[in-house]
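Observations on the three-dimensional arrangement
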Amino acid sequence: MTKTIALLQEAIYEQAAVEIAERGYSIIDGFLSTMEVNQILKTIHAEEAEGAFNPAGIGQGSDFQRNQKIRRDEIRWIDHNAPPASCVPYFERLQDLIRYLNRTCYLGIRDMEMHFAVYQPGGFYQRHLDVFHRTQSRKLSAICYLNPEWTADDGGALKLYLPKEDGTEETVTVLPEAGRLMLFESHAIEHEVEVAHRERCSITGWLKDETQLF
Ligand code: OGA
Ligand code: MN
């Protein structure tokens, strides 16, 4: 990497660190290039055709029907230590970002869990928090969107609910645009995925510290 590119990248990471510290979330556009996104989409569609995806669950031990009222997406876990070739640039860049955040924000991120997520038309995920009793170690939710030319009419927006000091809340709406990386504090920010009208793909996961309560 040339020195100029390294400095540019550092500036982007610094902005993310400041935003996470100040308001609990950050959006990095262009985290993946169009070409990188297209390669990952090829992997997703090949794995989908092989039947490798499963309906996503919630919490633990909940029954499938209840799940379907709360979320309707399909997932496929990724081994982040041996990801598909198309995902290598993403994981390398994410590791780089994690190193920066650990150095500057003392987040203590040591581990991650990641999956592909696909919402078919009609898919959604109702308002929720990403931390439940078994997952206290989740520090940051990290979602990289893979949807070229997504518009507001396609639905499927991520909506963040941000508590304000006066007790009311503010909402932020984020479109799942190709190459965009969304980071937010898993234990603090409630959020939902609005009904998607088009297939909506992402790599979704969590950056974790070492807390192991169970
Ligand atoms: C999740 C989630 C948000 C998104 O999978 O827990 O909230 O925008 N995803 O895909
Ligand atoms: Mn979530």
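Above this note sits the structure.
Here's what I pulled together on the structure shown here.

Each value, and the rule that gives it
Residues numbered from 1 in each chain as written. Chains lettered and ligands numbered in written order. Predicted model: local features only at pLDDT ≥ 70, side-chain atom pairs only at ≥ 80, totals over all residues. Heavy atoms only, no water. Helix = DSSP H or I, 4+ residues; strand = E, 2+ residues; numbered from the N terminus. Rg over C-alpha atoms; globule rule 2.2 N^0.38 Å. Buried < 20%, exposed > 50% of the residue type's maximum accessible area, 1.4 Å probe, protein only. Contact = heavy atoms within 4.5 Å. Areas by Shrake-Rupley, 256 points an atom, 1.4 Å probe, with all protein chains shown as cover. Salt bridge = Lys/Arg side-chain N within 4 Å of Asp/Glu carboxyl O. Donors = N, O, S within 2.8 Å, 3.2 Å for Na, K, Ca; no water. Near = heavy atom within 4 Å. Polar contact = N/O pair within 3.5 Å; in protein donor to acceptor, adjacent residues only side chain to side chain. Nonpolar A, V, L, I, M, F, W, Y, C, P; charged D, E, K, R; others polar. Pairing = 2+ DSSP bridges. Axes fitted to C-alpha atoms, helices over the stretch in contact; angles between N-to-C directions. Phe/Tyr/Trp six-rings, centres within 6.5 Å; stacked < 30°, edge-to-face > 60°. Lys NZ or Arg CZ within 6 Å of the ring centre and 35° of its normal.

Further remarks concern the overall build of the chain. Of regular secondary structure, the chain possesses four helices and 11 strands. The C-alpha atoms of the chain give a radius of gyration of 17 Å, which matches the 17 Å a tight globule of 214 residues would have. Counting every position in the chain, which comprises 214 residues, the buried fraction comes to 48%. Counted over contacts in the chain with a minimum sequence separation of 6, partners at least 24 positions apart contribute 80%. Taken as a whole, the chain presents about 11,200 Å² of accessible surface, with 49% of it coming from carbon and sulfur.

What follows deals with the pattern of salt bridges. Using the criterion set out here, one finds 14 salt bridges in the structure. The closest approach of N and O atoms between Glu 190 and Arg 127, which form a salt bridge, is 2.6 Å. Separated by 63 residues along the polypeptide, Glu 190 in strand β10 (residues 190–193) and Arg 127 in strand β5 (residues 125–128) bring together distant segments of the chain. Note that Arg 198 and Asp 154 form a salt bridge whose closest N and O atoms lie 3.1 Å from each other. One end of the pair, Arg 198, is in the loop between β10 and β11 (200–208); the other, Asp 154, is in the loop between β6 (138–145) and β7 (158–163), with 44 residues separating them in the sequence. By relative accessible area, Arg 198 is classed as partly exposed at 28%. Residue Asp 154 is classed as buried on the basis of its relative accessible area of 13%. By sharing partners, the salt bridges in this structure join Asp 29, Glu 177 and Arg 180 into a single network.

Around the manganese ion (ligand 2), the protein contributes the donor atoms His 128 (NE2), Asp 130 (OD) and His 191 (NE2), which lie 2.1 Å from the metal centre. Taken in sequence order, the residues that donate to the manganese ion (ligand 2) follow the motif H-x1-D-x60-H. Of this pair, Asp 130 sits in the loop between β5 and β6 while His 191 is found in strand β10, placing the two residues 61 residues apart along the sequence. For Asp 130, a relative accessible area of 6% translates into the label buried.

Close contacts around ligand 1 come from Arg 71, Tyr 125, His 128, Asp 130, Ile 143, Tyr 145, Leu 158, His 191, Val 193, Arg 200, Thr 204 and Trp 206, and that covers them all. Residue His 128 places a side-chain N or O atom 3.2 Å away from an oxygen atom belonging to ligand 1. Alone, ligand 1 offers 290 Å² of accessible surface; in the complex the protein occludes 98% of this. With three residues, β11 is the largest single contributor of residues to the shell around ligand 1. Considering only residue class, the shell around ligand 1 consists of six nonpolar, three polar and three charged.

In this section: unusual backbone geometry. Phi is positive for Tyr 106, which is not a glycine, with a value near 50°. With respect to the helices and strands, the residue Tyr 106 is situated in the loop between α4 (88–105) and β4 (111–119). For Glu 149, which is not a glycine, the phi torsion comes out positive at approximately 55°. Here Glu 149 lies in the loop between β6 and β7.

Turning to the sheet that holds β7, a few remarks are in order. Across the sheet, four strands lie side by side as β5-β10-β7-β8; this open sheet has antiparallel pairing. The open sheet has two edge strands, β5 and β8 (169–174), and neither has a second partner. Strand-to-strand twist in this sheet, taken as the mean axis angle between neighbours without regard to direction, amounts to 15°. Relative to β10, β7 is paired through four bridges, and the arrangement is antiparallel. Paired with Leu 160 across the bridge in β10 is His 191.

Moving on: the packing of aromatic side chains. Tallying each qualifying case throughout the model produces four aromatic pairs. Seen from their ring centres, Tyr 13 and Tyr 100 are 5.8 Å apart, and the 55° between their planes marks the pair as tilted. In this pair, Tyr 13 sits in helix α1 (residues 3–23) while Tyr 100 sits in helix α4, placing the two residues 87 residues apart along the sequence. Here Tyr 13 and Tyr 100 have matching classes, each one buried. Ring geometry for Tyr 90 and Phe 91: centres 5.5 Å apart, planes at 70°, overall edge-to-face. Taking the relative accessible area as the measure of exposure, Tyr 90 reaches 0% and is therefore buried. Classification of Phe 91 by relative accessible area gives buried; the value is 5%. Ring pairs connect the aromatic residues Phe 31, Tyr 90 and Phe 91, which therefore count as one cluster. Its guanidinium or amino end placed over the ring of Tyr 25, Arg 23 lies 4.0 Å from that ring's centre, counting from NZ or CZ. For Arg 200, the ring lying beneath its charged end belongs to Tyr 119, and the centroid distance is 5.0 Å.

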